[in-house]
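Working through the structure, step by step
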Amino acid sequence: IYYKYIIIPTREGVGLSPIMKTVVKIALPILLTVGSGLAIKGHLVPGGAFQGGSIIALTFFILGIIYSIYWLGGRGFNVDKMIFLRSLGLMGIFFTAILVFLIGSIIGVQAFVFQNQPKETAPVGLSYIFDKYPATLVILLFDLFEFLTVMAGFILLFLILWASGYKEVLPD
């Protein structure tokens, strides 16, 4: 069975009070900054991408509660776009895992899947120095794609749970 979710355009008077909307307008930049900052910093310290993606998804969940699911739908947040973003993140994780191996294969040297630092027997790596600390582009890419996957996955979950009350079954 295929479910198509109804997204009704924005109407006047939908959502909670103007006071709640004002509070969310003030908190929105803070939540987006904290979530993005955690995701970007995640390649240098443990964690980050999952927590950042969760905070960004929670931000959209709060917007859906305060402004309504119709408001989110009117701004292009729908199931198809979130499935696309989540798939893009998962494909990015897969290609990042084999990136160094592909580079090693192309230039003709030994490299491994999931390799992030150059080794004696496998001289390929995507390392750099960031603020006096060694870091790798592979870990940064893993974090960014994990952030995208988690964020889109949670927003997708919220949209499906919200829209479950408004679903209509389409014929095959």
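Structure shown above.
To continue, consider the overall build of the chain. The helix and strand inventory of the chain stands at five helices and four strands. Considering the chain as a whole, with its 172 residues, one finds that 34% of them fall into the buried category. Element-wise, carbon and sulfur atoms account for 71% of the exposed surface of the chain, whose accessible area totals about 10400 Å².

We now examine the packing of aromatic side chains. Summed over the entire model, instances satisfying the criterion amount to five aromatic pairs. Consider the rings of Phe50 and Phe154, whose centres lie 6.0 Å apart with planes at 75°: the pair is edge-to-face. On the criterion of sequence distance, the pair formed by Phe50 in helix H2 (residues 49-67) and Phe154 in helix H5 (residues 137-163) is long-range, its members being 104 residues apart. Residue class for Phe50 comes out partly exposed when judged on its relative accessible area of 41%. For Phe154, a relative accessible area of 29% puts it in the partly exposed group. For the pair Phe61 and Phe158, a centre-to-centre distance of 4.5 Å together with 40° between the ring planes defines the contact as tilted. With a gap of 97 residues between them, Phe61 in helix H2 and Phe158 in helix H5 connect regions that are remote in the sequence. What makes Phe61 partly exposed here is its relative accessible area of 26%.

Glancing now at the packing of helix H1 (residues 18-41) against H2. Where H1 meets H2, the axes come as close as 8 Å, and the angle between the chain directions of the two elements is 165°. One element, H1, and the other, H2, form an angle in the roughly antiparallel class. In this structure, H1 crosses over H2, and the sense of that crossing is left-handed. Contacts between H1 and H2 pair Met20, Lys21, Val24, Lys25, Leu28, Leu31, Leu32, Val34, Gly35, Ser36, Leu38 and Ala39 from the former with Ala49, Gln51, Gly52, Ile55, Ile56, Thr59, Ile62, Leu63, Ile66 and Tyr67 from the latter. Along the lines of polarity and charge, the residues of the contact of H1 with H2 split into 15 nonpolar, five polar and two charged.

Below, the discussion takes up the environment of Phe60. Note that Phe60 resides in helix H2. Aside from chain neighbours lying at most four places away, what touches Phe60 is Leu72, Phe77, Ile155 and Trp162.

Cut-off values and rules
Throughout this description, residue numbers start from 1 for each chain and increase along the sequence as written. Since the coordinates come from a predicted model, pLDDT governs what is reported: local features require at least 70, and pairs of side-chain atoms require 80 or more to be given and counted, while whole-chain, interface and lining totals use all residues. Where side-chain values are given, they derive from all heavy atoms of the structure, hydrogens and water being excluded. Under the DSSP-based scheme used, a helix requires at least four consecutive residues in state H or I and a strand at least two consecutive residues in state E, with every element numbered from the N terminus. Think of it in three bands: residues with accessible area under 20% of the maximum for their type are buried, residues over 50% are exposed, and the middle band is partly exposed, with areas taken using a 1.4 Å probe on protein chains only. Here the open area of atoms and residues is found with the Shrake-Rupley method and a 1.4 Å probe, where only the protein chains shown may cover a residue. Stacked, tilted and edge-to-face are the three classes applied to pairs of Phe, Tyr and Trp rings, where Trp contributes its six-membered ring and a pair requires centres within 6.5 Å; stacked means planes under 30 degrees apart, edge-to-face means over 60, and tilted covers the rest. Where helices are involved, their axes are fitted lines through C-alpha atoms of the stretch in contact, as for all axes, and angles between N-to-C directions lie from 0 to 180°. What sets the label is the angle itself: under 35 degrees gives roughly parallel, over 145 gives roughly antiparallel, 65 to 115 gives roughly perpendicular, and the rest give oblique. It is the rotation of the near helix from the far one that decides the hand of a crossing: anticlockwise by less than a right angle makes it left-handed, clockwise makes it right-handed. Note on contacts: a residue pair qualifies if any of its non-hydrogen atoms lie within 4.5 Å across the two residues. Residues are grouped as follows: nonpolar covers Ala, Val, Leu, Ile, Met, Phe, Trp, Tyr, Cys and Pro; charged covers Asp, Glu, Lys and Arg; every other residue, Gly included, is treated as polar.

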